[in-house]
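In case you want the letters, here they are:
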Amino acid sequence: MAKDAKTAVDGAEAAPAKSSKKLLIIIIAVVVLVLGLGGTAAYVLLKHGPAEEDDGEVAVEKVKPAKKKKVDRGAPPVYVAIDAFTVNLVPERGDQFLQLSLSVEVDDVQIGEQMKQYMPKLRNDLTLLLSSKKASDLVTTEGKELLAQEIREQINNILDPASKGKKRDGPIKDVLFTSFIIQ
């Protein structure tokens, strides 16, 4: 009977030791799993950024302005054509219209691609600019040159907002009118 009591005591001590080892292994496995999932989630969120906003809208990537490169003086110029504009001018004597087609000279092909991304905003802002003009202001050569300069500044402000209000050159070198009709 003494043997039976001793084995009963040993069995009671052995059972908690085995279950505590199992419990410790389970806790360690859960901690490792949680840390692994947390690390993976942090990597995905920080590396790739959010794919969608909370309300289901797709996040818009911000386009960084093109870095200034050394311009190859021997390279042919790069021109980007912009579709024709037809706008009402500020009335002086009856209704007057301006039909305008233009091309812009850019630093490189990448700026042309960037312009395509911003084309709706560019067309809107240029339409507002053109419709604020009077025919008498645009008839002279000086008026056309001033308009070309204003268009250049407007496009540069959209493509490179950091240069807004500064006197430095933007990605647009020149604005060229390919058609200019006032009626």
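Cut-offs applied
Residues numbered from 1 in each chain as written. Predicted model: local features only at pLDDT ≥ 70, side-chain atom pairs only at ≥ 80, totals over all residues. Heavy atoms only, no water. Helix = DSSP H or I, 4+ residues; strand = E, 2+ residues; numbered from the N terminus. Buried < 20%, exposed > 50% of the residue type's maximum accessible area, 1.4 Å probe, protein only. Contact = heavy atoms within 4.5 Å. Areas by Shrake-Rupley, 256 points an atom, 1.4 Å probe, with all protein chains shown as cover. Core = buried A, V, L, I, M, F, W, Y, C linked by side-chain atoms within 4.5 Å. Expected span 1.5 Å × (residues − 1). Pairing = 2+ DSSP bridges. Axes fitted to C-alpha atoms, helices over the stretch in contact; angles between N-to-C directions. Lys, Arg positive; Asp, Glu negative; His and termini not counted. Salt bridge = Lys/Arg side-chain N within 4 Å of Asp/Glu carboxyl O. pLDDT = per-residue confidence, 0-100. Left-handed = near helix turned anticlockwise from the far one by under 90°. Nonpolar A, V, L, I, M, F, W, Y, C, P; charged D, E, K, R; others polar.

**Structural notes on the overall build of the protein chain**
(1) Moving on: Looking only at helices and strands, the protein chain has five helices and three strands in total.
(2) Moving on: Along its sequence from the N terminus, the protein chain presents helices and strands in the succession α-β-β-α-α-α-α-β.
(3) Moving on: Considering the protein chain as a whole, with its 183 residues, one finds that 23% of them fall into the buried category.
(4) Moving on: A separation of at least 24 residues holds for 68% of the contacts in the protein chain among residues at least 6 apart in sequence.
(5) Moving on: A total of about 13,500 Å² of accessible surface is found on the protein chain, and carbon and sulfur atoms cover 59% of it.

**Concerning the nonpolar core**
(1) Moving on: Residues Val 104, Met 115, Ile 151, Ile 155 and Ile 172 are the most contacted members of the largest nonpolar core, which totals 27 residues.
(2) Moving on: Among the secondary structure elements, those contributing two or more residues to this core are β1 (78–88), β2 (97–106), α2 (109–117), α3 (119–131), α4 (135–138), α5 (141–159) and β3 (172–182).
(3) Moving on: No other element matches α5, which puts six residues into this core.
(4) Moving on: Each residue touching Met 115, except ones within four places of it in the same chain, is listed here: Val 80, Ile 82, Val 104, Val 106, Leu 122, Leu 159 and Ile 172.

**Observations concerning α5**
(1) Moving on: For α5, which comprises 19 residues, the first-to-last C-alpha distance of 27 Å matches the rise-based estimate of 27 Å (1.5 Å per residue) to within 8%.
(2) Moving on: Buried-residue contacts for α5 involve β1, β2, α2, α3, α4 and β3.

**What to know about the sheet that holds β2**
(1) Moving on: Here three strands make up an open sheet; going across it, the order is β1-β2-β3 and the pairing antiparallel. Only two strands of the sheet have a single partner each, and these edge strands are β1 and β3. Adjacent strand axes in the sheet meet at a mean angle of 20 degrees when their direction is disregarded.
(2) Moving on: The sheet contacts of α3 involve β1 and β2, and relative to β1 the element is tilted by about 50 degrees.

**With respect to the side chain of Glu 105**
(1) Moving on: Relative to the helices and strands, Glu 105 is located in strand β2.
(2) Moving on: We note that Glu 105 is buried and unpaired, the nearest opposite charge coming from Lys 173 at a distance of 4.2 Å.
(3) Moving on: The residues contacting Glu 105, other than those within four sequence positions of it, are Pro 77, Val 78, Tyr 79, Pro 171, Ile 172, Lys 173 and Asp 174.

**Quick notes on the confidence of the model for the protein chain**
(1) Moving on: Predicted confidence across the protein chain gives a mean pLDDT of 80, with 73% of residues reaching 70 or more.
(2) Moving on: By mean pLDDT, the top-scoring element of the protein chain is α3 (95), and the lowest-scoring one is helix α1 (residues 2–48) (73).
(3) Moving on: Under a pLDDT of 50 for its full length, residues 51–56 has, in the predicted model, five contacts with residues more than four places off or in other chains.

**Thoughts on the packing of α3 against α5**
Geometrically, a packed helix pair is captured by the angle between its two axes and the distance between the axes.
(1) Moving on: With their axes 10 Å apart at the nearest point, α3 and α5 run at an angle of 150 degrees to one another. Regarding α3 and α5, the two cross each other, and that crossing is right-handed. Touching Lys 121, Leu 122, Asp 125, Leu 126, Leu 129 and Leu 130 of α3 are Leu 147, Glu 150, Ile 151, Gln 154, Ile 155 and Ile 158, all from α5.
(2) Moving on: Considering only residue class, the contact of α3 with α5 consists of eight nonpolar, one polar and three charged.

**A short note on the environment of Val 109**
(1) Moving on: Secondary-structure assignment places Val 109 in helix α2.
(2) Moving on: Taking the C-alpha atoms as reference, Val 109 lies 9.6 Å from Pro 77; in sequence the two are 32 residues apart.

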